[in-house]
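Observations on the model geometry
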Amino acid sequence: MSASIYLVKGREKSLLRRHPWIFSKGIERVEGNPVDGDTVEIYANDGKWLARGAWSGSSQIRARVWTFDKDETVDLDFFIRRLKYAQESRDPLIKRQGLTGYRLCAAESDGLPGLTIDRYANFLVCQILSAGAEFQRELITQALRTLYPECSIYERSDVAVRKKEGLKERTGVIYGDTPNESVVIEESGVKILVDIRNGHKTGFYLDQRDNRQAAAKYTEGKRVLNCFSYTGGFGVYALKGGAKELVNVDLSQNALDIARQNAELNGLDTSNTQFIRHDVFKLLREYREKGEKFDVIVLDPPKFAESKAQLLGACRGYKDINMLAFQLLAPGGVLLTYSCSGLMEQSLFQKIVADAALDAGRDAQILELLSQASDHPIGTAYPEGFYLKGLVVRAR
Ligand code: SAH
């Protein structure tokens, strides 16, 4: 018999709206003794069945819903079904853009809380972030092996949030081969090297795919500054778009080395490309002192806000770099600016960028509103799934 949890009166509302999280404060009592990851039945205070989810005894998010369908059991078929449905939504994209790297499963937004899976060529890279997904690791592996017999499975659960779920960080082969230092993926004819074992996240920022493509529209004959370049994704597209000069900046030498290899792998001329290891905050100021100007600037910083407490500081950080960028833009220049902090709402981000333009004394216009690529869907009941915002802004 699985354990049951009964919610505090009124706390069923978010579940009725199909939001998949149950917070510890929303639970009145637990019947049975679930261990972390156990599948539990979730009831409203009046005894009405609401959902079936995974228990997480030490997390603030005490349970995450697997299903709102009473007849659906959480077994191998469940995971196969969910993953198949997720794959089907990616298929047209894969075909149209010739993708060999894509996000197969975006956790809550794909109905599999705590489970992110990215595919890079024939490697499936899993990030397991919840006690429930951890508990089901074996079934998830089996489901993946059933659906993708050609693929190896690698784990990159080296993320601090696992601690909140009482889990230790873990990486390594789950099934099949160990990935080489760099696995090549393709998107719209562009080749990208991905370091699955040591790269950021699961190796690459797949979410920026459409935005990289958007960038290429603005770079013909231009001087381009790619800030927080990582392995040079935006830079490769900038060169493909005909940039006459490119500066990639990042703190990580390893990322910059791969950025150079990525440019070369695509047969691009790097004689006018610099790979600078430096702090973007400092470099932008140094450029300002020297009176340098750029026609196109990409600002794709790491997440500045991990928690609500950090949001104000994050706002300052975004304001600062965006203002500096506006100061460095040549007349008619274009800034592509992003925020991947989920806590930063689109409207607030837009306001910050507008203020930054104002402070830099620039008259600016938004040319494009951008977001995460569609293989990073946003569950309508799970607005938290919307995290990547981008603006293309032109300044007089
Ligand atoms: N634009 C990249 C992803 C950027 S991720 C892409 O499309 O693939 C953020 C990057 O910022 C990381 O590579 C990290 O090394 C770098 N970084 C973080 N803080 C930095 C700083 N202060 N100055 C320069 N780079 C920084």
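I will try to describe carefully the structure that is included in this document. Sequence positions are assigned chain by chain, starting from 1 and proceeding in written order. For this predicted model, a pLDDT threshold of at least 70 governs which residues receive local features, and a threshold of 80 or more governs which side-chain atom pairs are given and counted, while totals over whole chains, interfaces and linings are taken from all residues. In computing side-chain properties, one takes all heavy atoms of the structure into account and sets aside hydrogens as well as water.

This paragraph deals with the state of the cysteines. Any pair of cysteine sulfurs within 2.5 Å is marked as a disulfide. Inspection of every chain in the model, using the stated rule, returns zero disulfides. For the unlinked cysteine Cys 340, the closest cysteine sulfur is that of Cys 315, found at 14 Å. Since its relative accessible area comes to 17%, Cys 340 is described here as buried. Here the term buried applies to any residue with accessible area under 20% of the maximum for its type, exposed to any over 50%, and partly exposed to those in between, with areas from a 1.4 Å probe on protein chains only.

The element helix H6 (residues 233-240) is extensively covered by neighbouring structure, given that seven of its eight residues are classed as buried. Under the DSSP-based scheme used, a helix requires at least four consecutive residues in state H or I and a strand at least two consecutive residues in state E, with every element numbered from the N terminus. Of all the positions in H6, only Gly 233, Phe 234, Gly 235, Val 236, Tyr 237, Ala 238 and Leu 239 are classed as buried. Following H6 by one or two positions, Gly 242 adopts a phi angle in the positive range, close to 100°.

What follows is about the sheet that holds strand E3 (residues 27-31). Any two strands with at least two DSSP-identified bridges between them are counted as paired. Reading across the sheet, the six strands line up as E2-E6-E5-E4-E1-E3 and stay open at both edges, with mixed pairing between neighbours. The strands lining the two open edges of the sheet, one partner per strand, are strand E2 (21-23) and E3. Taken pair by pair, the neighbouring strands of this sheet meet at an average axis angle of 35°, ignoring direction. Of the pairings in the sheet, the one linking strand E1 (residues 4-7) to strand E4 (residues 39-43) comprises three bridges and is parallel in character. Bridge pairing in E4 places Tyr 6 opposite Tyr 43. As a rule, the C-alpha atoms of each element are fitted with a line to give its axis, helices using only the stretch in contact, and angles between N-to-C directions run from 0 to 180 degrees.

Proximity criterion: a residue is near a molecule or strand once any of its heavy atoms comes within 4 Å of it. Lining the immediate environment of the ligand, one finds 15 residues, of which Phe 228, Asp 250, Asp 279, Val 280 and Asp 300 sit closest. Within 3.5 Å is the distance limit for a polar contact, defined as a pair of N or O atoms, with the added protein rule that one can donate a hydrogen and the other accept it, and that residues adjacent in sequence qualify only through two side-chain atoms. Asp 279 has a polar side-chain atom sitting 3.1 Å from a nitrogen atom of the ligand. In the environment of the ligand, a nitrogen atom lies 2.9 Å from a nitrogen or oxygen atom belonging to the backbone of Val 280. Coverage of the ligand by the protein chains reaches 90% of its 580 Å² of free accessible surface. Per-residue accessibility takes into account occlusion by the displayed protein chains alone, with areas from the Shrake-Rupley method and a 1.4 Å probe.

A few words on empty space enclosed by the protein. Of the two site types, the cavity is a set of points on a 1 Å grid over the protein atoms alone where a 1.4 Å probe fits but cannot get out, and the pocket is an open set with protein on both sides within 12 Å along at least five of seven lines, each lined by residues with an atom within 4 Å of a point. Grid points are joined across faces, edges and corners, and a volume is the space filled by probe spheres set on the points. Under the criterion given, the structure shown has one cavity of 30 Å³ or more. Considered as a void within the structure, the largest cavity measures approximately 40 Å³ in volume. Along the walls of the largest cavity sit Ala 54, Trp 55, Ser 56, Ile 61, Arg 64, Ser 130, Gly 132, Ala 133 and Glu 165, which together make up its complete lining. Elements with a minimum of two residues in the lining of the largest cavity: strand E5 (49-55), strand E6 (61-67) and helix H3 (131-135). All amino acids are sorted into three groups, where Ala, Val, Leu, Ile, Met, Phe, Trp, Tyr, Cys and Pro are nonpolar, Asp, Glu, Lys and Arg are charged, and the leftover types, Gly among them, are polar. Among the residues making up the lining of the largest cavity, the classes are represented as four nonpolar, three polar and two charged.

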